[in-house]
Structures are given as C-alpha cells and as structure tokens.
Amino acid sequence: MPDRLVSARGVGHIYGERAAVADVHLNVAAGERVAIAGPNGAGKSTLLRIVATLLRTGTGTLTVLGEELPGGARRARCGIGYLAHDPLAYLDLSPRQNLQVYADLFGVQDADRRIDDLLDRVDLIARADDPVRVLSRGMAQRLALARMLLHGPRLLLLDEPHASLDAAGTALLDAELAAMRTDGRAAVIVTHEVERIASVADRLVVMRRGRIVVDEPVAGRGPAQVRARYEECIA
Amino acid sequence: MSTTVNRPRWTRQLAGLIRKDLRLELRTKETVMAMVLFAIVTLTIMQFGFGTRDDDLTRFTGGLMWVTLAFTAVLGVGRSYVAEREQRVLDGILVSPVPRVVLLAAKAIAIVIYMAITELVVIPLVGIFFVKGPYWDSIGWIALVALIANVCIALSGTLFSGLALFTRARDLILPVLFLPALVPVVIAGAGATHAVVGGAHDMSEYRGYCLFLVGYAILFLLVCIATYDAVFDD
C-alpha cells in the first residue's frame with residue numbers, strides 16, 4: 001500500500017457556474033490527521049466528497065489509496081471510511097441489520113463477530129436489535145462510527161464528526177484518531193470546531209472560496225493559537 | 001488495526017441488498033400494500049365503469065389487466081429509492097465498493113417480487129370481474145407472461161427511478177419517463193393474455209408476444225449495464 005493515501009493535483013469541481021472547489025493541491029500521508037477548516041461555503045465538504053469518490057473531480061488528478069480516480073474508484077472505496085452529518089443508516093432496520101448490510105457491501109469476513117465487537121465498543125449492544133428510528137441522535141451517530149470502522153478502512157473521511165456525537169462517541173472517535181498515528185491509517189477531518197484541531201489533527205488546512213489558503217503543521221500549538229491562526233487566514 | 005476485508009464478491013453484495021429491501025418492506029409494509037390496494041381499487045372502478053357483471057368483457061381482459069399493472073408498477077417503482085432518499089442512506093451505499101449495476105439488480109429483483117405479489121391478487125380478480133368464459137385453465141400461461149413482463153418493468157423502472165432520483169421534480173419526472181417505456185410491455189402483455197383467455201389458445205401469438213418481451217428485457221438490460229455507472233457516479 002502507498003505511504004501517500006491522498007494525492008490531489010489541481011482538483012476542482014463546479015456546481016452550475018460556481019467553482020465549489022478550485023485548484024486544490026493536497027497530500028495526505030499514512031499516519032497523518034489533516035483537519036480542513038473554513039467558513040461556510042468554502043468547499044470543505046465538497047472536497048471531502050470528491051476524495052470519498054462521491055463526486056467526480058472536474059479538473060486535475062486525484063489519487064486515493066494508490067488508485068487514480070475515477071477509474072480506480074471501486075478499489076479505493078474498499079479502504080475508505082466515511083462519516084457524514086447523517087448516520088447513513090436505515091431508520092427501520094436495527095443497528096445490527098444496518099451493519100450487516102454494510103458488511104455484505106464491503107465483504108467483511110467473520111461479520112457477525114466483528115459487528116458484535118463494534119456494537120460493544122460503541123456501547124450499542126443492548127440496543128442492537130431496536131430500530132434506529134427509536135435511538136437518540138447521539139446513539140445513531142455512534143452507530144455511524146461503527147459503520148465507518150466496520151471494514152477496517154485505511155483512510156477515514158470525517159465531515160463535522162464531533163457535531164452530533166455524544167460524549168461517549170467523542171471519546172471513542174478521539175481514541176481512534178489518536179491510534180492512527182502509529183498504525184498507518186490517515187484521516188481527513190472537516191470541522192468548524194477550530195479549537196479541537198489542536199488535539200485531533202497534525203495539520204491545519206484552511207479553505208476559502210474553494211481554494212486552500214493555508215496548509216501547515218499544527219504541532220506545538222494550543223487551541224487558542226490554532227483559533228488565532230485560523231482567524232488570521234480567513235480575515 | 002485488524003484487516004477484516006476481502007475483495008467483496010458481487011453475489012454477497014447483491015444478496016445483502018435484496019435482503020435489506022425485503023426486510024424494510026416486511027417491517028414497513030408500505031410498498032406492496034399500497035400496490036395491492038391500488039390495483040384492487042383500479043380493477044373495481046373499471047368493473048363498475050365498464051358495465052354490469054352480465055357483460056362479457058373477456059376481449060378486454062388483457063388490456064384491463066395490463067393497464068392496471070402498468071399504473072401499479074409506476075407506484076411501486078416510484079417508491080424503490082424512498083428509504084435511501086428520505087433516510088439519506090445513499091451516500092453510505094455509494095461510498096462502498098458495490099458495482100452500480102449490482103444496485104440496479106437488487107432493486108430490480110425487489111420490484112419483480114413486489115409485482116409478483118401484486119399479480120397474485122390481480123390475476124384472479126381479473127377472472128372474477130371480467131371473464132365469463134374459460135379463464136382458470138389459462139392462469140399458468142398468464143402467470144408466465146406476467147413473470148417475463150415483471151423483469152421488463154423492473155429493469156426499465158429501476159433505470160428511470162435511478163435517473164429521477166437526482167432530479168428535484170422526481171415524482172413528476174418518473175411517470176413521464178417510465179409510462180411511455182411501459183407501452184410496449186402493456187401491448188405485449190395484453191396481447192399474450194388475450195391469446196390464451198376465453199377459450200382461445202393461440203400459442204403461436206402468445207409465444208410471439210413473450211419473445212418480444214424477452215427482447216425488450218435484453219435491450220433494457222444492456223442499456224442499464226451501459227448507463228448505470230453514469231447515473232450514480234456522474
């Protein structure tokens with residue numbers, strides 16, 4: 001597997017006549033956690049969806065997990081874990097049944113044991129057979145966390161991951177993000193919670209009007225310093 | 001991190017998606033129940049609209065049955081992506097390594113099953129409402145042409161519902177796209193039914209209509225295979 005999990009060269013995407021993402025150059029190496037911040041409409045989520053293979057890049061070249069897109073999208077998807085605003089779960093199925101669907105789609109081996117392990121980890125084992133519809137928002141987002149980790153992805157793509165997670169889910173996610181520094185995985189985290197970047201990311205990328213205006217290490221900065229640097233970038 | 005993934009087999013993906021659709025239907029009972037009720041109501045209205053039970057409507061049987069099934073199919077196909085759309089699950093499915101044609105196949109198989117359940121009610125009801133002559137000895141032949149037509153309906157319907165999925169006026173777009181595509185199915189289904197009911201057993205005509213439907217299914221299968229990646233990924 002490549003050490004560079006994401007390599008974007010001049011990537012762009014146009015909605016109608018507006019360039020949502022323009023001329024983006026971004027590399028994400030194994031073990032790296034990259035936080036993307038920016039004001040609303042800066043193109044953060046669009047960029048994440050392009051890397052997740054949910055949108056095609058209009059310009060430039062994009063390689064994800066060693067596969068050039070769009071041709072290698074299906075192979076790349078085997079190693080992508082995507083956490084969105086919504087849990088991406090069927091509300092009328094139970095957490096267990098939802099995870100079974102995704103286990104089938106990703107070809108997870110020994111799926112029943114893996115599902116039980118994950119449900120236990122996200123503290124949903126007691127509610128494993130209730131419809132997702134009756135779970136709280138925090139529980140549903142913990143299910144989303146389990147879904148994202150189900151197939152052991154190398155690249156995690158997280159869109160505002162802390163926004164809907166409860167305290168237990170946040171602790172789990174932060175532990176997962178901490179573990180990936182040493183195990184060769186990588187994460188791209190789109191967030192509005194700039195102060196949190198100091199604790200969950202190694203690099204700060206700031207986007208404005210579809211373009212990356214800053215891409216630099218976070219190391220050694222506290223939450224207040226990251227916030228100050230961010231404000232400076234978007235001023 | 002433990003690696004738990006094999007290169008996923010499409011057969012497992014297909015089985016998983018079909019199981020999911022059937023589980024959702026068993027739990028909500030929204031689609032099949034609506035289809036069956038709609039078909040019963042439509043046939044009942046037609047029964048009153050076409051005259052009393054003393055009239056022999058055998059020669060209209062094929063048309064009455066297949067027009068009803070066509071409109072019922074629009075209802076069923078229109079609901080085929082409702083869970084994915086309303087519960088915002090589609091991104092989760094699309095970010096998985098499932099070939100888009102497997103998504104189509106799973107939806108198409110689910111629609112074939114829903115249509116078959118509807119026809120279990122519609123086919124006998126048509127005999128009771130409209131046919132005075134022999135009917136029940138032809139029911140096997142009618143079921144066979146219905147099965148072939150279901151594949152046609154499912155393939156074209158899944159393609160058009162996939163296309164309509166990404167439009168704003170999807171509830172209007174789908175019937176506008178789908179109903180014209182159903183005209184050949186209605187003609188062939190009605191023709192094949194007419195060939196075997198009321199004591200007529202024109203098997204040569206019946207076979208011709210069935211072969212036409214098989215050709216239609218193959219054509220739409222090829223169109224689906226050629227376009228379904230583009231429908232979801234572009």
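Quick caveat, the model's predicted, so the values are computed rather than measured.

A. Expanded view of the overall build of chain B. Looking only at helices and strands, one finds 9 helices and 0 strands in chain B. For 234 residues, the compact-globule estimate of 2.2 N^0.38 gives 17 Å, and the C-alpha radius of gyration of chain B, at 19 Å, lies within 12% of that figure. Once the C-alpha set of chain B is aligned to its principal axes, its extents read approximately 75 × 35 × 30 Å. Looking at the 234 residues of chain B, the share that counts as buried comes to 43%. For chain B, contacts bridging at least 24 residues in sequence account for 83% of all contacts bridging at least 6.

B. Focus on the overall build of chain A. Counting its regular elements, chain A contains 8 helices and 10 strands. For a compact globule of 235 residues, the expected C-alpha radius of gyration is about 18 Å, and chain A comes in at 17 Å, within 12% of that figure. The C-alpha extent of chain A, read off along each of the three principal axes, is 50 × 40 × 35 Å. Across the 235 residues that make up chain A, the buried fraction comes to 52%.

C. Just the environment of S45 of chain A, in detail. Residue and element names in this part refer to chain A. Mapped onto the fold, S45 is located in helix α1 (residues 44-51). We classify S45 as buried; it has 21 C-beta atoms within 10 Å. Sequence separation between S45 and P223 is 178 residues; the distance between their C-alpha atoms is 22 Å. Filtering out sequence-adjacent residues up to four positions away, S45 remains in contact with D159 and V190.

D. Broad picture of the sheet that holds strand β2 (residues 18-29) of chain A. Residues and elements named next belong to chain A. Ordered by their spatial adjacency, 4 strands build an open sheet running β2-β1-β4-β5, and the pairing between neighbours is antiparallel. Here the strands that pair on one side only, and so sit at the sheet edges, are β2 and β5 (67-68). Taken together, the 8 bridges between strand β1 (residues 4-15) and β2 define a ladder with antiparallel strand orientation. Of the residues in β2, the one forming a bridge with H13 is V21. Sheet contacts for α1: β1, β2 and β4 (59-64); angle to β2, the most-contacted strand, approximately 60 degrees.

E. Representation of the interface of chain A and chain B. Taken together, the contact pairs 33 residues of chain A with 33 residues of chain B. Counting residues per element, the ones that place at least two in the side of chain A that touches chain B are α2 (73-77), β6 (80-83) and α3 (95-106) of chain A. Counting residues per element, the side of chain A that touches chain B draws most heavily on α3 of chain A, at 6 residues. In terms of residue class, the side of chain A that touches chain B is built from 17 nonpolar, 6 polar and 10 charged.

F. Up close: α1 of chain A. Residues and elements named next belong to chain A. Counting buried residues in α1 gives 8 out of 8 residues, a clear majority hidden from the surface. Within α1 the residues assigned to the buried category are K44, S45, T46, L47, L48, R49, I50 and V51. Two residues or fewer after α1 comes T53, characterised by a positive phi angle close to 70 degrees.

G. Fine view of the packing of α3 of chain A against helix α5 (residues 137-149) of chain A. All names here are of chain A. It is at 10 Å that the axes of α3 and α5 come closest, and there the two elements cross at 25 degrees. Of the possible angle classes, the one that applies to α3 and α5 is roughly parallel. Between α3 and α5 lies a crossing whose hand is right-handed. On the side of α3, the interface is formed by P95, N98, L99 and Y102, while α5 contributes L143, A146 and R147. Here the contact of α3 with α5 is built from residues that sort into 5 nonpolar, 1 polar and 1 charged.

H. Just helix α2 (residues 31-49) of chain B, in detail. If you check α2 of chain B, its first and last C-alpha atoms are 27 Å apart, about what 19 residues at 1.5 Å a residue would give, namely 27 Å. Against the buried residues of α2 of chain B lie α1 (10-28), α3 (61-78) and α6 (100-130) of chain B.

I. Geometry of the sheet that holds β6 of chain A. All names here are of chain A. Ordered in space as β6-β7-β8-β3-β9-β10, the 6 strands form an open sheet in which the pairing is mixed. Taken across any chain shown, the strands that pair with only one partner, and hence form the sheet edges, are β6 and β10 (211-217). Here the strands of the sheet are splayed against their neighbours by 15 degrees on average, with no regard to which way each runs. Pairing between strand β9 (residues 203-208) and β10: 6 bridges, direction antiparallel. Following the sheet pairing, R203 is matched in β10 by P217. Contacting β3 (33-37), β7 (155-159), β8 (186-190) and β9, α1 runs over the sheet at an angle of about 150 degrees to β8.

J. View of the confidence of the model for chain B. All names here are of chain B. Looking at chain B, pLDDT values average 89 and 95% of them are 70 or higher. The least confident element of chain B is helix α4 (residues 82-86), whose mean pLDDT is 86; the most confident is α1, at 95. In the model output, the complex is listed with pTM 0.89 alongside ipTM 0.90.

K. Quick peek at the environment of D112 of chain A. All names here are of chain A. By the secondary structure assignment, D112 is in helix α4 (residues 111-121). By C-beta crowding, D112 is classed as exposed, having 12 other C-beta atoms within 10 Å. With 34 residues separating them along the chain, D112 and A146 place their C-alpha atoms 13 Å apart.

L. Structural view of the confidence of the model for chain A. Chain-level pLDDT for chain A is 90 on average; 99% of the residues reach the 70-or-more range. Here helix α7 (residues 197-200) of chain A stands out as the least confident element of chain A, with mean pLDDT 85; α3 of chain A is the most confident, with 96.

Basis of the calculations
- Residues numbered from 1 in each chain as written.
- Chains lettered and ligands numbered in written order.
- Predicted model: local features only at pLDDT ≥ 70, side-chain atom pairs only at ≥ 80, totals over all residues.
- Helix = DSSP H or I, 4+ residues; strand = E, 2+ residues; numbered from the N terminus.
- Rg over C-alpha atoms; globule rule 2.2 N^0.38 Å.
- Buried ≥ 20, exposed ≤ 12 C-beta atoms within 10 Å, placed from the backbone.
- Contact = placed C-beta atoms within 7 Å.
- Pairing = 2+ DSSP bridges.
- Axes fitted to C-alpha atoms, helices over the stretch in contact; angles between N-to-C directions.
- Nonpolar A, V, L, I, M, F, W, Y, C, P; charged D, E, K, R; others polar.
- Parallel < 35°, antiparallel > 145°, perpendicular 65-115°, else oblique.
- Left-handed = near helix turned anticlockwise from the far one by under 90°.
- Expected span 1.5 Å × (residues − 1).
- pLDDT = per-residue confidence, 0-100.

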